[in-house]
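Secondary and tertiary structure notes
Residues per chain are reported as follows:
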Amino acid sequence: MLFDRRARRRAANAVFVALCGLATLLALAALGLIMVSLLKQGFGGLNLTIFTKDTPAPGSLGGLRNAIVGSAAMCATAMVLAVIVGMLAGTWLAEYGGDTPYGHVVRFLNDVLLSAPSILVGLFVYELIVRPFHGFSGLAGGVALALIAAPVVTRTTEDILRLQPNALREAGVALGAARWVTIRKIIWRGAGGGLLTGGLLAFARISGETAPLLFTALNNQFFALDMTKPMASLPAVIFQYALSAYDDWRALAWAGALLIALTVLSINIIGRVIVARGNTRP
Amino acid sequence: MSDLSRPTAVSMTTRPASKGAWFDPIFQFACLAAATLLLAALGGIVVSLAIGGWPALHKFGFSFFTSTTWNPVTEVYGAAGPIAGTLITSALALILALPVALGISVFLVEFCPKRLAQPIAIAVELLAGIPSIVYGMWGLFVLAPWFALHVQLPLMMNIPSGSIWEKVFYGVPNGANIFTASLILSIMILPYMAAVFRELFLTVPTQVRESAYGIGCTPFEVVRSVTVPYVRSGMVGVVMLGLGRALGETMAVTFIIGNAHGLPQSLFDSGSTLASTIANEFTEATGEMHTAALTALGLVLFVITFSVLAIARALLLRQRND
C-alpha cells in the first residue's frame, strides 16, 4: 500500500518534469524554426544591391536602400525624443516624486503605455500630426515610434537609478554639489551601462514596429531624406511586398525580414551582455 | 523592494548654496514635465480616439457593437465581427500559451541545471524580440501551408459527415484562419508570460520550499502545493498581461487571420480583429465615416486593453508588495 503510493507519486513527478522540459523544448523549437526559415528564404537575397539600390517596380532589379535609410532616420528621431523624455521622466520617478501619489499614477500609467497596442499610438499621431498638417511624414513616424520607445526608457531608467546606492547621493551632497550636478555626474554616470541597455532595448523594440508607421509615415517608393514628406521604412516595405503577388518582391521582403530580425536579436544580445557585465562587477 | 534601497529626499534647507544650485528647481521641473508628458500621451490617445470615432458611434449608436455589417459602399458599420475575432483569438492564444509558459518557468526555476538555465531563459526571451511582422511572414508562408496540408485537410477528410466536428473544423484549407492566428499569437505572448512567471516563482522564499522538501514532498508536489498557491494573485496578473499583449497584436494577425468581416463560423474560418481591420483599411478608407468607424474600433480596443492591463498591473503590484 505504502509502496504503491510512493510509486504513484514518483510517476506523477516524472511526468511533470518531462512535461515542463517538453514545454521548454517547444519554445526553443519555435525560435529555431523561425530562424531557420528566415535564413533559408532571406539569405539568398542578402547582397550588396540591397544596400545600394532603391525599392524596384515589379520585375526589375532593386534593393531596399530607401527603406533602410528611412527606417534609420525615423528611429534616430524617435530615439532622440524618447531618450530625452524617458530619462528625465525616469529620473523624476527615481529621485524626486516616485513615492508621491502623483508618482504612483505616473508609474502605473507608464506601465500601461508600455504594453499598449502600438497601432493605437499610430492612430493618435495620425489625429495629432498627420490630419492637422494634411500629410503623412517621416517626422510623424518618428514621433509615433518615440511614443513607443519613451515608456521603455522611463521604466529602465527608474529601475537602474533605484539600484544606485544612497551613499553616492550623500557623497555628492557632502561635496557641496548641487542636486542636479550630483544626478548628472554621479548617479547617471554610475548607471551608464544600465541606461545604455535601456536605450538599446527601446531601439530594438521600435526598429521592427510596423503598425504605427502605416498611417503616419505611410511609404515612399523613392529615395527621400525630407522628413516632412512620406517616408519609406523597412517594416512597411516588408508588409507591402510580402503580400504582393510578385516573386522578386517577396524575395526582397524575406531579405528585409532577415535583416530586421538579425538587427533586433543582436541588439538584444548586446544589451544583455552589458547587463551581465554590470552584475558581475563588485 | 525594501525601503532601505529607496532614495530618500535630501533636505535642501540646511545646505549652503552651492555652484549651479540655481538650476536645481529648473532641472526638477524638467523631470516633472517629462513625466507629465507621458501621462498626457496616454490621455491624448483616449481623447483623440474618442473625438475621431465619435461620428461613427453617434450615427450607429449601440448597434455599432452588435451589428456584423461592415460595408464601406453603403457606409454602414458594425464592429461585432472584429470584436468577436479579437476576443476569440486572444482567449485561444492564452489557453495555448499558459501551460507552456508555466512549464518553461517551472523547468527553469526547479529542474534545470544552473549553468543551462540562463542561456535557455535568454533564448526564450529572444522570442519576444522578434518583430511582429516577421512572425506574420513566417505564419503566412511557413506555418499556414504546413497547417493546411498536415492538419486541416486530414481533419476535414476524416470527419464523418453530419457530426458536430464538421461544423467546428469547417473552413477553406489555406491555413489562414482564426486558429493559426491564435497559434502565432500564443508563440508571441509565450516569452512575456514565461519571464514574469519565472520572476514570480523566484520570489517564493527558499525556506518555504525547503520545508516542503523536508517533509518528503516530490518536486511536483512542492510546485503544486507550495509555489503556485504562494504566487496565486500574481499569476492571474501574468495571465492578464499576456491577454493584454494578445488583444493588441496587429501585424502578425493581419497577415494570417484571413481578414473577413463578420462573425467567424468555425475554428478554421477566416475572421478579423480590431487591430487587423484598422491596419488593413485605414490608409484606404473611402470616406469620413469609414475613418471614423475605424477610429471607433481603436477606441473599443483601447478600452478593452486598458482594463485588462490595469487589472494585470494591480494584481502584480499587490503580489510584489505582499
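What you are looking at is a predicted structure, and each value in this text was computed from that prediction instead of being measured.

Here we take up the overall build of chain A. From N to C terminus, chain A includes twelve helices and zero strands. When its helices and strands are written in sequence order, chain A yields α-α-α-α-α-α-α-α-α-α-α-α. A globule of 282 residues ought to have a C-alpha radius of gyration of about 19 Å, yet chain A, at 24 Å, is considerably larger. Expressed as lengths along the three principal axes of its C-alpha atoms, the size of chain A is roughly 75 × 65 × 35 Å. The 282 residues of chain A split such that 54% are buried. Accessible surface, chain A: about 12,500 Å² in total, of which carbon and sulfur atoms supply 70%. If the 23 positive side-chain charges of chain A are averaged to one point and the 13 negative ones to another, these points end up 9 Å apart.

Attention now moves to the pattern of salt bridges. For the coordinates displayed, the defined rule picks out 14 salt bridges over all chains. Ionic pairing is found between Arg65(A) and Asp54(A), a salt bridge with its closest N-O pair at 3.0 Å. Taken together, the positions of Arg65(A) in helix α3 (residues 65-96) and Asp54(A) in the loop between α2 (48-52) and α3 put the pair eleven residues apart, joining distant regions of the chain. For Asp54(A), a relative accessible area of 22% translates into the label partly exposed. Residues joined in a network through salt bridges with shared partners are Asp111(A), Arg155(A), Asp159(A) and Arg313(B).

Another aspect to go through is helix α7 (residues 166-174) of chain A. All names here are of chain A. Where α7 is concerned, the buried positions are Asn166, Arg169 and Gly172. Along α7, the residues classed as buried sweep out an arc of 120 degrees about the axis, all on the same side. Of the exposed residues in α7, those oriented more than 90 degrees away from the buried face are Glu170 and Ala174. Those residues of α7 that are buried are in contact with α3, α6 (138-163) and α8 (179-190).

The geometry of a pair of packed helices is captured by two quantities: the angle between their axes and the separation between those axes. Residue and element names in this part refer to chain B. Two elements in contact, helix α3 (residues 80-111) and helix α4 (residues 114-129), have axes whose closest approach is 10 Å; the angle formed by their N-to-C orientations is 160 degrees. Classified by the angle their axes make, α3 and α4 are roughly antiparallel. The way α3 lies across α4 gives a crossing that is left-handed. Contacts from Ile104, Phe107 and Leu108 in α3 reach Ala117, Ile120, Ala121 and Val124 in α4.

Using the criterion set out here, one finds 26 aromatic pairs over all chains in the structure. Seen in terms of ring centroids, Phe16(A) and Phe111(B) are 6.1 Å apart; in terms of plane orientation they differ by 80 degrees. Their pairing is edge-to-face. A residue pair is termed interchain when its members come from two chains, as with Phe16(A) in helix α1 (residues 2-42) and Phe111(B) in helix α3. For Phe16(A), a relative accessible area of 17% gives the class buried. Judged by centre distance (4.7 Å) and plane angle (90 degrees), the ring pair of Tyr126(A) and Phe282(B) falls under edge-to-face. Of the two residues, Tyr126(A) sits in helix α5 (residues 118-130) while Phe282(B) sits in the loop between α12 (274-281) and α13 (288-321), which places them in two different chains. Across the pair, exposure class does not vary: Tyr126(A) and Phe282(B) are buried alike. Arg65(A) extends its terminal NZ or CZ atom over the ring of Phe223(A), reaching a point 4.3 Å from the ring centre. Across from the ring centre of Tyr192(B), 3.7 Å away, lies the NZ or CZ of Arg245(B), which sits over that ring.

Once that is clear, we can look at the interface of chain B and chain A. The partner chain A presents 84 residues to the 88 residues of chain B that form the contact. The contact between chain B and chain A buries some 7,900 Å² in all, and 78% of this surface belongs to carbon and sulfur atoms. Our count for the contact surface shared by chain B and chain A stands at four salt bridges. For the salt bridge of Arg9(A) with Glu221(B), the shortest nitrogen-to-oxygen distance reads 2.7 Å.

Quick look at α12(B) now. Of all eight residues making up α12(B), seven are buried, and the element is well covered by its neighbours. Of all the residues in α12(B), the buried ones are Leu274(B), Ala275(B), Ser276(B), Thr277(B), Ile278(B), Ala279(B) and Glu281(B).

Turning next to the confidence of the model for chain B. Reading predicted coordinates in detail is not appropriate for stretches of low pLDDT. All names here are of chain B. Across chain B, the average pLDDT comes to 88, with 94% of residues at or above 70. Looking over chain B, one finds the lowest element-wise mean pLDDT in helix α6 (residues 164-168), namely 79, and the highest in α3, namely 94. Scored as a complex, the prediction yields pTM 0.89 and ipTM 0.90.

All names here are of chain B. Inspection of the secondary structure puts isoleucine 88 in helix α3. The class for isoleucine 88 is partly exposed, based on a relative accessible area of 35%. Sequence separation between isoleucine 88 and methionine 289 is 201 residues, and the spatial gap between their C-alpha atoms is 27 Å. Residues in contact with isoleucine 88, not counting those within four places in the same chain, are Ile178 and Pro264.

What follows deals with the nonpolar core. Judged by nonpolar contacts, the single largest core of 189 residues is most densely connected at Leu38(A), Ile119(A), Phe64(B), Ile104(B) and Tyr135(B). With 15 residues, the top contributor of residues to this core is helix α7 (residues 178-202) of chain B. Residues within four places of Ile119(A) in sequence aside, it is in contact with Ala211(A), Phe215(A), Thr250(B), Ala275(B), Ile278(B), Ala279(B) and Leu301(B).

Take a nonpolar patch on the surface next. All names here are of chain A. A cluster of nonpolar side chains, Val15, Leu19, Leu22 and Leu25, forms an exposed patch at the surface whose accessible area comes to about 400 Å². Here leucine 25 shows up in helix α1. Among the residues examined, leucine 25 registers a relative accessible area of 55% and is labelled exposed.

Take the environment of Ile51(B) next. With respect to the helices, strands and loops of the structure, Ile51(B) is situated in helix α1 (residues 24-60). Considered as a pair, Ile51(B) and Ile26(B) are 25 residues apart in the sequence and their alpha carbons are 35 Å apart.

With that settled, consider the layout of surface pockets. Roughly 590 Å³ of internal volume is contained in the second largest pocket. Put simply, the parts of the chain that give the lining of the second largest pocket at least two residues each are α1 of chain A together with α3, α5 (132-158) and α7 of chain B. Here the lining of the second largest pocket gets nine residues from one element, more than from any other, and that element is α1(A). Tallied by class, the residues present in the lining of the second largest pocket amount to 17 nonpolar, three polar and one charged.

Thresholds applied
Sequence order sets the numbering: in each chain, residues are counted from 1 along the sequence as written. Chains carry letters and ligands carry numbers; both start at the beginning, A for chains and 1 for ligands, and go up in the order they are written. At least 70 in pLDDT is required for a residue's local features to be given in this predicted model, at least 80 for side-chain atom pairs to be given and counted, and no such filter applies to totals for whole chains, interfaces and linings, which use all residues. Computation of side-chain values covers all heavy atoms of the structure but excludes hydrogens and water. Only runs of H or I of at least four residues qualify as helices and only runs of E of at least two qualify as strands under DSSP, and these elements are numbered from the N terminus. What the globule rule says is 2.2 Å times the number of residues to the power 0.38, and the radius of gyration is computed from C-alpha atoms. Exposure classes here rest on a 1.4 Å probe applied to the protein chains alone. A residue is buried below 20% of its type maximum, exposed above 50%, and partly exposed in between. Computed with the Shrake-Rupley method and a 1.4 Å probe, the accessible areas treat only the protein chains shown as cover for residues. Note on charges: Lys and Arg go in the positive column, Asp and Glu in the negative column, and His and the chain ends are not counted at all. Here the site of a charge means NZ on Lys, CZ on Arg, CG on Asp, or CD on Glu. By definition, a salt bridge exists where a carboxyl oxygen of Asp or Glu is found within 4 Å of a side-chain nitrogen of Lys or Arg. Directions are taken from the helix axis to each C-beta atom, and the arc is the one they span. Note on definitions: a residue-residue contact is assigned when non-hydrogen atoms from the two residues lie within 4.5 Å. Only the stretch in contact is used when fitting a helix axis, every axis being a line fitted to C-alpha atoms; angles between N-to-C directions are given from 0 to 180 degrees. We call two directions roughly parallel when the angle between them is under 35 degrees, roughly antiparallel when it is over 145, roughly perpendicular when it lies between 65 and 115, and oblique otherwise. What makes a crossing left-handed is the near helix being turned counterclockwise from the far one by less than a right angle; a clockwise turn instead makes it right-handed. Two aromatic rings, drawn from Phe, Tyr or Trp (for Trp, its six-membered ring), form a pair once their centres lie within 6.5 Å of each other, and the interplanar angle then sorts them: stacked below 30 degrees, edge-to-face above 60, tilted otherwise. Ring-over charges, as used throughout, are those where CZ of Arg or NZ of Lys falls within 6 Å of the ring centre and within 35 degrees of the ring normal. Two parts placed together each lose some accessible area under a 1.4 Å probe, and the buried area is that loss summed for both. Confidence scores per residue from the predictor, reported as pLDDT, run from 0 to 100. Grouping buried Ala, Val, Leu, Ile, Met, Phe, Trp, Tyr and Cys residues that are joined through side-chain atoms within 4.5 Å yields what is termed a nonpolar core. For patch building, the residue pool is restricted to those with more than 30% relative accessible area and no salt bridge; the joining distance is 9 Å between like charges and 5 Å between nonpolar side chains (Val, Leu, Ile, Met, Phe, Trp, Tyr). Here the term cavity refers to a set of points on a 1 Å grid, laid over the protein atoms alone, in which a 1.4 Å probe fits but cannot get out; the term pocket refers to an open set having protein on both sides within 12 Å along at least five of seven lines, with lining residues being those that place an atom within 4 Å of a point. Grid points are joined across faces, edges and corners, and a volume is the space filled by probe spheres set on the points. Classification used: nonpolar for Ala, Val, Leu, Ile, Met, Phe, Trp, Tyr, Cys and Pro, charged for Asp, Glu, Lys and Arg, polar for all others including Gly.

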